[in-house]
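Take a look at the letters that make up each chain.
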Amino acid sequence: MDDVISVSHGSNGSAAAATSEVFVVELAEYSGPLDLLLTLIRDEQIDIYDIPIARIAEQFLGRISSLKLDEAADYLEMAARLVRIKAQMLLPRREGEDLWEDPRAELVRRLLEYQQVREVVDVLERRSEDRRGRFARAYTQQAALIAVSRPLTISLPELLSAVDRVLRLAKKPHVHDVVPRALDVDGAIGIVRALLAIRAHAQWKDILPRKAEPWEVLSLLLALLELAKRGELRLTQPRAFAAFEITRDSSSEAA
Amino acid sequence: MTPLAKLLEAALFASAAPVPVDALSLMASHADDGETTLDAALDELKAHYDNEGHGVELVEVAGGWQILTRPEYTEAIERAQLAARPQRLSAAALETLAIIAYRQPIGRAEIEEIRGVGAGAILKSLHERGLIDIVGRGEGLGRPLLYGTTPSFLEQFALRHLEELPRADELAIALRAPRPATPTSPVAAATGNGEAPARAD
(Lines give C-alpha, C1' and ligand atoms only; values in the text may rest on other atoms or scores of the structure.)
Protein backbone atom coordinates (compact mmCIF):
# COMPACT_ATOMS: atom_id res chain seq x y z
CA MET A 1 0.00 0.00 0.00
CA ASP A 2 2.97 2.23 0.56
CA ASP A 3 3.52 2.60 -3.14
CA VAL A 4 0.31 4.57 -3.43
CA ILE A 5 1.78 7.21 -1.19
CA SER A 6 4.95 8.97 -2.09
CA VAL A 7 7.56 7.82 0.36
CA SER A 8 10.54 10.08 0.60
CA HIS A 9 12.83 7.42 2.00
CA GLY A 10 12.47 4.62 -0.47
CA SER A 11 14.74 2.17 1.30
CA ASN A 12 13.22 2.12 4.74
CA GLY A 13 10.42 -0.37 4.15
CA SER A 14 12.11 -3.49 5.50
CA ALA A 15 14.25 -1.63 8.01
CA ALA A 16 11.13 -0.12 9.49
CA ALA A 17 9.48 -3.50 9.88
CA ALA A 18 12.56 -4.79 11.72
CA THR A 19 12.73 -1.86 14.12
CA SER A 20 9.05 -1.92 14.93
CA GLU A 21 9.37 -5.54 16.01
CA VAL A 22 12.35 -4.96 18.27
CA PHE A 23 11.05 -1.73 19.65
CA VAL A 24 9.01 -2.41 22.79
CA VAL A 25 7.65 0.65 24.53
CA GLU A 26 5.80 1.24 27.75
CA LEU A 27 2.72 3.21 26.83
CA ALA A 28 3.02 5.37 29.91
CA GLU A 29 5.95 6.87 28.05
CA TYR A 30 3.61 8.71 25.75
CA SER A 31 1.79 11.71 27.00
CA GLY A 32 -0.79 11.35 24.25
CA PRO A 33 -1.49 10.17 20.70
CA LEU A 34 0.48 13.04 19.15
CA ASP A 35 3.46 12.12 21.29
CA LEU A 36 3.23 8.52 20.11
CA LEU A 37 2.88 9.67 16.51
CA LEU A 38 5.91 11.96 16.77
CA THR A 39 7.92 9.15 18.35
CA LEU A 40 7.05 6.85 15.45
CA ILE A 41 8.01 9.51 12.94
CA ARG A 42 11.31 10.18 14.70
CA ASP A 43 12.12 6.48 15.07
CA GLU A 44 11.50 5.84 11.42
CA GLN A 45 13.24 9.04 10.36
CA ILE A 46 10.28 10.03 8.29
CA ASP A 47 9.92 13.43 6.68
CA ILE A 48 7.18 15.06 8.70
CA TYR A 49 5.91 16.90 5.60
CA ASP A 50 5.57 13.65 3.68
CA ILE A 51 4.26 11.01 6.07
CA PRO A 52 3.59 7.53 4.68
CA ILE A 53 0.17 7.42 6.25
CA ALA A 54 -0.62 3.75 5.59
CA ARG A 55 2.51 2.51 7.31
CA ILE A 56 2.29 4.95 10.19
CA ALA A 57 -1.39 4.15 10.75
CA GLU A 58 -0.57 0.46 10.90
CA GLN A 59 2.24 0.97 13.39
CA PHE A 60 0.10 3.33 15.43
CA LEU A 61 -2.62 0.70 15.72
CA GLY A 62 -0.02 -1.89 16.62
CA ARG A 63 1.31 0.20 19.45
CA ILE A 64 -2.06 1.05 20.93
CA SER A 65 -3.39 -2.48 20.86
CA SER A 66 -1.99 -3.10 24.33
CA LEU A 67 -3.53 0.04 25.81
CA LYS A 68 -5.83 -0.10 28.72
CA LEU A 69 -9.36 0.65 27.64
CA ASP A 70 -9.82 3.84 29.66
CA GLU A 71 -6.75 5.45 28.15
CA ALA A 72 -7.49 4.23 24.69
CA ALA A 73 -10.20 6.67 23.64
CA ASP A 74 -7.89 9.52 22.69
CA TYR A 75 -5.56 7.13 20.89
CA LEU A 76 -8.43 5.48 19.05
CA GLU A 77 -9.67 8.85 17.88
CA MET A 78 -6.25 9.51 16.37
CA ALA A 79 -6.20 6.04 14.84
CA ALA A 80 -9.54 6.73 13.19
CA ARG A 81 -8.20 10.02 11.90
CA LEU A 82 -5.18 8.30 10.40
CA VAL A 83 -7.33 5.71 8.71
CA ARG A 84 -9.54 8.41 7.26
CA ILE A 85 -6.56 10.30 5.89
CA LYS A 86 -5.27 7.07 4.44
CA ALA A 87 -8.59 6.55 2.67
CA GLN A 88 -8.54 10.09 1.34
CA MET A 89 -5.04 9.53 -0.01
CA LEU A 90 -6.29 6.54 -1.95
CA LEU A 91 -8.92 8.51 -3.84
CA PRO A 92 -7.89 8.98 -7.47
CA ARG A 93 -7.03 12.48 -8.51
CA ARG A 94 -6.85 13.89 -11.99
CA GLU A 95 -3.61 14.78 -13.69
CA GLY A 96 -2.71 18.42 -13.38
CA GLU A 97 -5.32 19.11 -10.72
CA ASP A 98 -4.01 22.16 -8.93
CA LEU A 99 -6.62 22.48 -6.24
CA TRP A 100 -5.82 19.16 -4.60
CA GLU A 101 -5.37 19.68 -0.89
CA ASP A 102 -3.16 17.18 0.88
CA PRO A 103 -5.40 15.40 3.42
CA ARG A 104 -2.35 15.15 5.67
CA ALA A 105 -1.98 18.91 5.93
CA GLU A 106 -4.08 19.30 9.06
CA LEU A 107 -2.26 16.43 10.76
CA VAL A 108 1.13 17.92 9.86
CA ARG A 109 0.05 21.27 11.26
CA ARG A 110 -1.00 19.66 14.52
CA LEU A 111 2.19 17.64 14.75
CA LEU A 112 4.34 20.72 14.22
CA GLU A 113 2.38 22.62 16.79
CA TYR A 114 2.72 19.76 19.22
CA GLN A 115 6.42 19.49 18.48
CA GLN A 116 6.72 23.12 19.47
CA VAL A 117 4.94 22.44 22.74
CA ARG A 118 7.49 19.70 23.39
CA GLU A 119 10.30 22.18 22.82
CA VAL A 120 8.82 24.54 25.38
CA VAL A 121 8.44 21.58 27.75
CA ASP A 122 12.18 20.99 27.46
CA VAL A 123 12.82 24.58 28.45
CA LEU A 124 10.38 24.36 31.37
CA GLU A 125 11.91 21.08 32.50
CA ARG A 126 15.42 22.53 32.59
CA ARG A 127 14.27 25.57 34.48
CA SER A 128 12.19 23.70 37.02
CA GLU A 129 15.07 21.31 37.60
CA ASP A 130 17.27 24.30 38.34
CA ARG A 131 14.69 25.77 40.69
CA ARG A 132 14.07 22.46 42.45
CA GLY A 133 17.72 22.51 43.47
CA ARG A 134 17.31 25.67 45.52
CA PHE A 135 15.30 26.27 48.63
CA ALA A 136 13.55 29.43 49.62
CA ARG A 137 12.80 30.14 53.22
CA ALA A 138 10.29 28.03 55.11
CA TYR A 139 7.64 26.53 52.95
CA THR A 140 5.17 25.08 55.37
CA GLN A 141 3.68 22.71 52.81
CA GLN A 142 7.14 21.32 52.15
CA ALA A 143 7.62 20.64 55.83
CA ALA A 144 4.55 18.46 55.65
CA LEU A 145 6.03 16.59 52.71
CA ILE A 146 9.16 15.62 54.62
CA ALA A 147 7.24 13.34 56.92
CA VAL A 148 6.19 11.04 54.09
CA SER A 149 9.14 11.44 51.76
CA ARG A 150 11.56 9.39 53.87
CA PRO A 151 11.37 6.30 56.03
CA LEU A 152 11.08 7.02 59.74
CA THR A 153 14.33 6.62 61.64
CA ILE A 154 13.80 6.24 65.37
CA SER A 155 15.51 4.23 68.09
CA LEU A 156 13.66 1.72 70.26
CA PRO A 157 14.00 3.77 73.50
CA GLU A 158 12.67 6.84 71.66
CA LEU A 159 9.72 4.83 70.37
CA LEU A 160 8.98 3.36 73.81
CA SER A 161 9.14 6.70 75.54
CA ALA A 162 6.81 8.11 72.89
CA VAL A 163 4.38 5.27 73.51
CA ASP A 164 4.66 5.92 77.24
CA ARG A 165 3.90 9.61 76.74
CA VAL A 166 0.85 8.83 74.67
CA LEU A 167 -0.42 6.30 77.18
CA ARG A 168 -0.01 8.74 80.03
CA LEU A 169 -1.84 11.41 78.09
CA ALA A 170 -4.65 9.06 77.24
CA LYS A 171 -7.67 9.28 79.54
CA LYS A 172 -8.08 6.35 81.86
CA PRO A 173 -11.19 4.49 80.81
CA HIS A 174 -13.87 3.95 83.46
CA VAL A 175 -13.76 0.30 84.36
CA HIS A 176 -16.77 -1.61 85.64
CA ASP A 177 -16.01 -4.60 87.78
CA VAL A 178 -18.18 -7.42 86.60
CA VAL A 179 -18.43 -10.14 89.20
CA PRO A 180 -19.09 -13.43 87.54
CA ARG A 181 -22.06 -15.19 89.06
CA ALA A 182 -22.38 -18.45 87.34
CA LEU A 183 -25.82 -19.95 87.18
CA ASP A 184 -26.15 -23.19 89.06
CA VAL A 185 -28.55 -25.09 86.85
CA ASP A 186 -27.36 -28.51 88.05
CA GLY A 187 -27.92 -27.53 91.67
CA ALA A 188 -31.41 -26.28 90.81
CA ILE A 189 -32.15 -29.53 89.00
CA GLY A 190 -31.22 -31.34 92.20
CA ILE A 191 -33.63 -29.20 94.21
CA VAL A 192 -36.51 -29.73 91.78
CA ARG A 193 -35.90 -33.49 91.63
CA ALA A 194 -35.78 -33.71 95.41
CA LEU A 195 -39.08 -31.87 95.66
CA LEU A 196 -40.75 -33.95 92.97
CA ALA A 197 -39.54 -37.11 94.71
CA ILE A 198 -41.79 -36.17 97.61
CA ARG A 199 -44.67 -34.53 95.78
CA ALA A 200 -46.28 -35.22 92.44
CA HIS A 201 -47.35 -31.61 92.09
CA ALA A 202 -45.62 -28.43 92.98
CA GLN A 203 -45.86 -24.74 92.24
CA TRP A 204 -43.24 -22.21 91.22
CA LYS A 205 -43.33 -20.56 94.65
CA ASP A 206 -42.74 -23.95 96.35
CA ILE A 207 -39.33 -24.39 94.82
CA LEU A 208 -38.30 -20.76 94.94
CA PRO A 209 -36.52 -19.85 98.14
CA ARG A 210 -37.59 -16.68 99.90
CA LYS A 211 -35.55 -13.63 98.91
CA ALA A 212 -34.07 -15.46 96.00
CA GLU A 213 -31.20 -13.86 94.17
CA PRO A 214 -31.75 -13.26 90.48
CA TRP A 215 -29.24 -15.97 89.63
CA GLU A 216 -31.21 -18.47 91.74
CA VAL A 217 -34.45 -17.57 89.96
CA LEU A 218 -32.78 -17.97 86.60
CA SER A 219 -31.15 -21.25 87.62
CA LEU A 220 -34.45 -22.70 88.74
CA LEU A 221 -36.24 -21.58 85.62
CA LEU A 222 -33.58 -23.13 83.43
CA ALA A 223 -33.66 -26.27 85.55
CA LEU A 224 -37.42 -26.58 85.09
CA LEU A 225 -37.17 -26.09 81.38
CA GLU A 226 -34.33 -28.57 81.17
CA LEU A 227 -36.24 -31.21 83.13
CA ALA A 228 -39.35 -30.57 81.05
CA LYS A 229 -37.31 -31.15 77.96
CA ARG A 230 -35.92 -34.36 79.37
CA GLY A 231 -39.48 -35.43 80.13
CA GLU A 232 -39.11 -35.67 83.93
CA LEU A 233 -41.87 -33.16 84.52
CA ARG A 234 -44.56 -31.20 82.82
CA LEU A 235 -45.24 -27.54 83.09
CA THR A 236 -48.75 -26.19 82.78
CA GLN A 237 -50.03 -22.70 83.00
CA PRO A 238 -53.82 -22.05 83.14
CA ARG A 239 -53.55 -18.64 81.56
CA ALA A 240 -50.99 -16.06 80.65
CA PHE A 241 -48.95 -14.72 83.58
CA ALA A 242 -50.56 -17.14 86.02
CA ALA A 243 -48.41 -19.24 88.34
CA PHE A 244 -47.51 -22.47 86.58
CA GLU A 245 -48.00 -25.96 87.86
CA ILE A 246 -45.18 -28.42 88.00
CA THR A 247 -46.27 -32.02 87.64
CA ARG A 248 -44.08 -35.10 87.90
CA ASP A 249 -44.23 -36.89 84.58
CA SER A 250 -45.55 -40.35 85.20
CA SER A 251 -44.45 -41.70 81.83
CA SER A 252 -40.81 -40.96 82.63
CA GLU A 253 -41.30 -42.59 86.00
CA ALA A 254 -42.30 -45.74 84.26
CA ALA A 255 -39.24 -45.69 82.05
CA MET B 1 26.75 47.52 52.90
CA THR B 2 24.56 50.57 52.54
CA PRO B 3 21.61 50.87 54.95
CA LEU B 4 19.16 50.25 52.08
CA ALA B 5 20.92 47.03 51.06
CA LYS B 6 20.69 45.80 54.64
CA LEU B 7 17.02 46.72 54.85
CA LEU B 8 16.31 44.83 51.63
CA GLU B 9 18.21 41.84 52.93
CA ALA B 10 16.07 41.80 56.06
CA ALA B 11 12.86 42.15 54.03
CA LEU B 12 13.81 39.37 51.63
CA PHE B 13 14.89 37.15 54.50
CA ALA B 14 11.54 37.63 56.23
CA SER B 15 9.50 36.59 53.19
CA ALA B 16 9.02 33.03 52.00
CA ALA B 17 7.82 34.11 48.56
CA PRO B 18 9.58 36.44 46.11
CA VAL B 19 9.06 40.06 47.15
CA PRO B 20 7.58 42.03 44.23
CA VAL B 21 9.65 44.91 42.94
CA ASP B 22 6.76 47.26 43.75
CA ALA B 23 6.95 46.34 47.43
CA LEU B 24 10.71 46.76 47.46
CA SER B 25 10.63 50.18 45.85
CA LEU B 26 7.97 51.27 48.32
CA MET B 27 10.28 50.21 51.14
CA ALA B 28 13.17 52.02 49.49
CA SER B 29 11.18 55.24 49.24
CA HIS B 30 10.33 55.09 52.94
CA ALA B 31 13.85 54.17 53.93
CA ASP B 32 15.15 57.57 52.85
CA ASP B 33 18.66 56.34 52.10
CA GLY B 34 19.74 59.47 50.27
CA GLU B 35 21.78 58.48 47.27
CA THR B 36 21.18 54.73 46.99
CA THR B 37 18.59 53.62 44.48
CA LEU B 38 16.71 50.34 44.68
CA ASP B 39 18.57 48.83 41.75
CA ALA B 40 21.93 49.84 43.19
CA ALA B 41 21.03 48.37 46.58
CA LEU B 42 19.89 45.09 44.98
CA ASP B 43 23.07 44.92 42.93
CA GLU B 44 25.07 45.55 46.06
CA LEU B 45 23.31 42.80 47.99
CA LYS B 46 23.67 40.37 45.08
CA ALA B 47 27.37 41.12 44.79
CA HIS B 48 27.72 40.75 48.54
CA TYR B 49 26.30 37.20 48.40
CA ASP B 50 28.25 36.29 45.27
CA ASN B 51 31.66 37.64 46.18
CA GLU B 52 31.94 36.96 49.86
CA GLY B 53 31.21 33.26 49.81
CA HIS B 54 27.63 32.90 51.02
CA GLY B 55 25.46 29.77 51.07
CA VAL B 56 22.53 31.75 49.69
CA GLU B 57 22.13 34.00 46.71
CA LEU B 58 19.86 36.74 45.51
CA VAL B 59 17.68 35.68 42.60
CA GLU B 60 15.35 37.72 40.44
CA VAL B 61 12.19 35.75 39.83
CA ALA B 62 8.46 36.19 39.17
CA GLY B 63 8.65 39.95 38.98
CA GLY B 64 10.44 40.21 42.30
CA TRP B 65 13.45 39.12 44.28
CA GLN B 66 14.09 36.17 46.53
CA ILE B 67 16.90 34.73 48.62
CA LEU B 68 17.55 31.09 47.69
CA THR B 69 20.04 28.51 48.84
CA ARG B 70 22.77 27.65 46.40
CA PRO B 71 22.36 24.40 44.45
CA GLU B 72 25.49 22.77 45.90
CA TYR B 73 23.82 22.52 49.33
CA THR B 74 20.54 20.99 48.17
CA GLU B 75 21.50 17.43 48.91
CA ALA B 76 22.84 18.13 52.39
CA ILE B 77 19.71 20.09 53.27
CA GLU B 78 17.50 17.31 52.00
CA ARG B 79 19.48 14.67 53.84
CA ALA B 80 19.01 16.61 57.06
CA GLN B 81 15.28 16.67 56.29
CA LEU B 82 15.10 20.43 56.64
CA ALA B 83 13.41 20.87 53.29
CA ALA B 84 12.34 18.64 50.42
CA ARG B 85 12.44 19.23 46.70
CA PRO B 86 8.94 19.52 45.24
CA GLN B 87 7.85 16.64 43.05
CA ARG B 88 8.54 16.78 39.35
CA LEU B 89 5.60 17.40 37.08
CA SER B 90 4.62 14.73 34.56
CA ALA B 91 5.24 15.28 30.87
CA ALA B 92 1.51 15.68 30.33
CA ALA B 93 1.31 18.35 33.02
CA LEU B 94 4.30 20.21 31.57
CA GLU B 95 2.78 20.15 28.09
CA THR B 96 -0.45 21.57 29.43
CA LEU B 97 1.45 24.26 31.32
CA ALA B 98 3.48 25.15 28.24
CA ILE B 99 0.33 25.58 26.17
CA ILE B 100 -1.30 27.73 28.84
CA ALA B 101 1.82 29.85 29.27
CA TYR B 102 1.88 30.74 25.57
CA ARG B 103 -1.80 30.91 24.76
CA GLN B 104 -3.36 32.31 27.91
CA PRO B 105 -6.13 33.03 28.49
CA ILE B 106 -7.06 29.67 27.03
CA GLY B 107 -9.97 27.28 27.48
CA ARG B 108 -9.86 23.58 28.10
CA ALA B 109 -11.14 22.65 24.63
CA GLU B 110 -8.28 24.43 22.90
CA ILE B 111 -5.70 22.79 25.18
CA GLU B 112 -7.21 19.39 24.44
CA GLU B 113 -7.18 20.08 20.73
CA ILE B 114 -3.48 20.90 20.77
CA ARG B 115 -2.49 17.90 22.90
CA GLY B 116 -5.03 15.48 21.46
CA VAL B 117 -5.86 14.25 24.97
CA GLY B 118 -8.43 15.06 27.65
CA ALA B 119 -7.11 17.72 30.01
CA GLY B 120 -9.64 17.81 32.87
CA ALA B 121 -7.66 15.96 35.52
CA ILE B 122 -4.40 17.71 34.68
CA LEU B 123 -6.00 21.16 34.82
CA LYS B 124 -7.42 20.30 38.21
CA SER B 125 -4.09 19.21 39.62
CA LEU B 126 -2.22 22.20 38.14
CA HIS B 127 -4.84 24.43 39.70
CA GLU B 128 -4.43 22.69 43.05
CA ARG B 129 -0.68 23.19 42.87
CA GLY B 130 -1.25 26.89 42.30
CA LEU B 131 0.47 26.92 38.92
CA ILE B 132 -2.59 28.02 36.97
CA ASP B 133 -5.70 29.95 37.82
CA ILE B 134 -9.03 30.69 36.24
CA VAL B 135 -8.66 34.12 34.68
CA GLY B 136 -12.01 34.55 33.02
CA ARG B 137 -14.72 33.01 30.89
CA GLY B 138 -14.63 32.69 27.15
CA GLU B 139 -17.26 33.56 24.62
CA GLY B 140 -19.33 30.87 23.06
CA LEU B 141 -21.22 27.83 24.21
CA GLY B 142 -21.26 27.36 27.97
CA ARG B 143 -18.90 30.32 28.50
CA PRO B 144 -15.91 28.03 29.12
CA LEU B 145 -13.42 28.76 31.90
CA LEU B 146 -10.20 30.35 30.73
CA TYR B 147 -6.91 29.49 32.37
CA GLY B 148 -3.73 31.47 32.86
CA THR B 149 -0.46 30.98 34.70
CA THR B 150 0.14 32.35 38.21
CA PRO B 151 3.13 34.11 39.81
CA SER B 152 3.82 30.78 41.48
CA PHE B 153 4.34 29.28 38.02
CA LEU B 154 7.04 31.85 37.30
CA GLU B 155 8.62 31.16 40.68
CA GLN B 156 8.65 27.38 40.31
CA PHE B 157 10.12 27.60 36.82
CA ALA B 158 12.71 30.22 37.75
CA LEU B 159 11.27 32.75 35.31
CA ARG B 160 11.54 36.46 35.89
CA HIS B 161 8.53 37.03 33.66
CA LEU B 162 6.72 35.24 30.85
CA GLU B 163 8.83 37.02 28.23
CA GLU B 164 11.74 34.91 29.41
CA LEU B 165 10.22 31.87 27.76
CA PRO B 166 11.56 31.39 24.23
CA ARG B 167 9.58 33.45 21.78
CA ALA B 168 7.59 31.54 19.20
CA ASP B 169 9.99 32.53 16.42
CA GLU B 170 12.94 31.32 18.47
CA LEU B 171 11.58 27.81 18.56
CA ALA B 172 12.75 25.40 15.91
CA ILE B 173 9.34 25.26 14.30
CA ALA B 174 7.17 28.32 13.94
CA LEU B 175 3.81 28.33 15.62
CA ARG B 176 0.74 28.47 13.44
CA ALA B 177 -0.69 31.89 12.63
CA PRO B 178 -2.42 33.30 15.68
CA ARG B 179 -6.15 33.43 15.84
CA PRO B 180 -7.53 36.95 16.00
CA ALA B 181 -8.34 36.94 19.70
CA THR B 182 -5.54 34.79 21.10
CA PRO B 183 -2.10 36.22 21.66
CA THR B 184 0.75 33.95 20.60
CA SER B 185 3.71 35.72 22.07
CA PRO B 186 4.29 35.50 25.79
CA VAL B 187 4.64 39.27 25.84
CA ALA B 188 1.08 39.80 24.71
CA ALA B 189 -0.15 37.07 27.01
CA ALA B 190 1.52 38.61 30.03
CA THR B 191 0.03 42.03 29.55
CA GLY B 192 -3.35 40.57 28.74
CA ASN B 193 -3.36 38.67 31.99
CA GLY B 194 -2.18 41.43 34.26
CA GLU B 195 0.50 38.93 35.19
CA ALA B 196 4.17 39.47 35.90
CA PRO B 197 4.46 42.96 37.34
CA ALA B 198 6.64 45.04 35.07
CA ARG B 199 10.08 45.87 36.35
CA ALA B 200 11.15 49.44 36.78
CA ASP B 201 13.70 49.19 34.01
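Counting from 1, residues in each chain are numbered in the order their sequence is written. Chain letters start at A and ligand numbers start at 1, both assigned in the order the entries are written. Per-residue local features are limited, in this predicted model, to residues with pLDDT of at least 70; the limit for side-chain atom pairs, both in listing and counting, is 80 or more; totals at the level of whole chains, interfaces and linings are taken over all residues.

### Some remarks on the nonpolar core
Phase 1 of the analysis: By size, the foremost hydrophobic cluster in this structure holds 69 residues, and its most contacted members are L8, A41, L97, A98, I99, I100 and L159 of chain B.
Phase 2 of the analysis: Numbering of helices and strands runs from the N terminus, with a helix taken as a DSSP run of H or I at least four residues long and a strand as a DSSP run of E at least two residues long. It is helix α5 (residues 91-103) of chain B that contributes the most residues to this core, eight residues altogether.
Phase 3 of the analysis: By the convention adopted here, residues make contact when the C-beta atoms placed from their backbones lie within 7 Å. The contact partners of L97 of chain B, leaving out residues within four places of it in the chain, are L124 of chain A together with L126, L131 and F153 of chain B.
Phase 4 of the analysis: Note on terminology: a nonpolar core is a set of buried residues of type Ala, Val, Leu, Ile, Met, Phe, Trp, Tyr or Cys, with members joined through C-beta atoms within 7 Å. Put simply, a residue is buried when 20 or more other C-beta atoms lie within 10 Å of its own C-beta and exposed when 12 or fewer do; between those, it is partly exposed, and each C-beta is set from the backbone. Of all hydrophobic cores here, the second largest spans nine residues; its members include A188, L196, L227 and L233 of chain A.

### Side note on the environment of E155 of chain B
All names here are of chain B.
Phase 1 of the analysis: In this structure, E155 sits in helix α8 (residues 151-156).
Phase 2 of the analysis: Distance in space between the C-alpha atoms of E155 and A62 is 5.3 Å, their sequence separation being 93 residues.
Phase 3 of the analysis: Every residue in contact with E155, bar those within four places of it in the chain, is listed here: P18, V61 and A62.

### Quick look at unusual backbone geometry
Of all residues except glycine, most have a negative phi; of all peptide bonds, most are trans.
Residue and element names in this part refer to chain B.
Phase 1 of the analysis: Residue P105 is bonded to the preceding Q104 through a cis peptide linkage, with omega at 0 degrees.
Phase 2 of the analysis: Of note, P105 is situated in the loop between α5 and β4 (106-107).
Phase 3 of the analysis: A positive phi angle, near 60 degrees, is found at Q81, a position not held by glycine.
Phase 4 of the analysis: For Q81, the location among the structural elements is in the loop between α4 (74-79) and α5.

### Observations regarding the packing of helix α2 (residues 33-43) of chain A against helix α3 (residues 53-64) of chain A
Residue and element names in this part refer to chain A.
Phase 1 of the analysis: Here the axes come from fitting lines to C-alpha atoms, over the contacting stretch only for helices, and the angles between their N-to-C directions go from 0 to 180 degrees. Packing of α2 against α3 brings their axes to within 10 Å, and their N-to-C directions diverge by 125 degrees. Here α3 runs oblique to α2, going by the angle between their axes. Classified by chirality, the crossing of α3 by α2 is right-handed. Residues L36, L37 and L40 of α2 pack against I56, Q59, F60 and R63 of α3.
Phase 2 of the analysis: By the convention adopted, Pro, Cys, Tyr, Trp, Phe, Met, Ile, Leu, Val and Ala count as nonpolar, Lys, Arg, Asp and Glu as charged, and the other residues, Gly among them, as polar. Tallied by class, residues from the contact of α2 with α3 come to five nonpolar, one polar and one charged. In this scheme, roughly parallel covers angles under 35 degrees and roughly antiparallel covers those over 145, while 65 to 115 is roughly perpendicular and the rest are oblique. By convention the crossing between two helices is left-handed if the near helix lies anticlockwise of the far one by an angle smaller than a right angle, and right-handed if it lies clockwise.

### Here we look at the packing of helix α5 (residues 105-132) of chain A against α5 of chain B
Phase 1 of the analysis: Contact geometry of α5 of chain A with α5 of chain B gives a least axis separation of 9 Å together with a crossing angle of 105 degrees. By the angle between their directions, the pair α5 of chain A and α5 of chain B is classed as roughly perpendicular. Residues V117, V120, V121, L124 and E125 of chain A of α5 of chain A lie in contact with α5 of chain B, whose contacting residues are A91, L94, E95, L97, A98, I99 and Y102 of chain B.
Phase 2 of the analysis: The class makeup of the residues in the contact of α5 of chain A with α5 of chain B is ten nonpolar, no polar and two charged.

### Some thoughts on the sheet that holds strand β2 (residues 56-61) of chain B
All names here are of chain B.
Phase 1 of the analysis: Strand order in the open sheet formed by three strands is β1-β3-β2, with antiparallel pairing between adjacent strands. Both edges of this open sheet fall to β1 (19-20) and β2, since each of them pairs with a single strand only.
Phase 2 of the analysis: Following DSSP output, two strands are said to pair if at least two bridges run between them. When β2 meets strand β3 (residues 64-69), the two strands line up antiparallel, connected through six bridges. By the bridge assignment, L58 is partnered in β3 with I67.
Phase 3 of the analysis: Helix α1 (residues 3-14) rests against β1 and β3 of the sheet, and its axis sits at about 70 degrees to β3.
Phase 4 of the analysis: Contacts from helix α3 (residues 38-51) reach β2 and β3, with the element oriented near 140 degrees to β2.

### Things to note about helix α7 (residues 120-128) of chain B
Owing to its 3.6 residues per turn, the α-helix brings residues three or four apart onto one side.
Residues and elements named next belong to chain B.
Phase 1 of the analysis: Among all positions in α7, only I122, L123 and L126 are buried. Seen from one end, α7 has its buried residues packed into an arc of 100 degrees, which puts them on one side. Of the residues in α7, the exposed ones pointing more than 90 degrees away from the buried face are G120, A121, K124 and E128.
Phase 2 of the analysis: Tucked into the core, α7 has its buried residues touching α5, α6 (108-115), β5 (132-137) and β6 (145-149).
Phase 3 of the analysis: Among the residues trailing α7, G130 stands out with phi positive, at a value near 75 degrees. This arc corresponds to the set of directions leading from the helix axis out to the C-beta atoms.

### As for α5 of chain B
Residues and elements named next belong to chain B.
Phase 1 of the analysis: The length a helix should cover is 1.5 Å for every residue beyond the first. An ideal rise of 1.5 Å per residue puts 18 Å on 13 residues; α5 measures up with 18 Å between its terminal C-alpha atoms.
Phase 2 of the analysis: Counting buried positions along α5 yields eleven of 13 residues, so the element is predominantly enclosed.
Phase 3 of the analysis: Looking only at α5, the buried set comprises A93, L94, E95, T96, L97, A98, I99, I100, A101, Y102 and R103.

The values reported here are purely geometric and, on their own, carry no functional implication.
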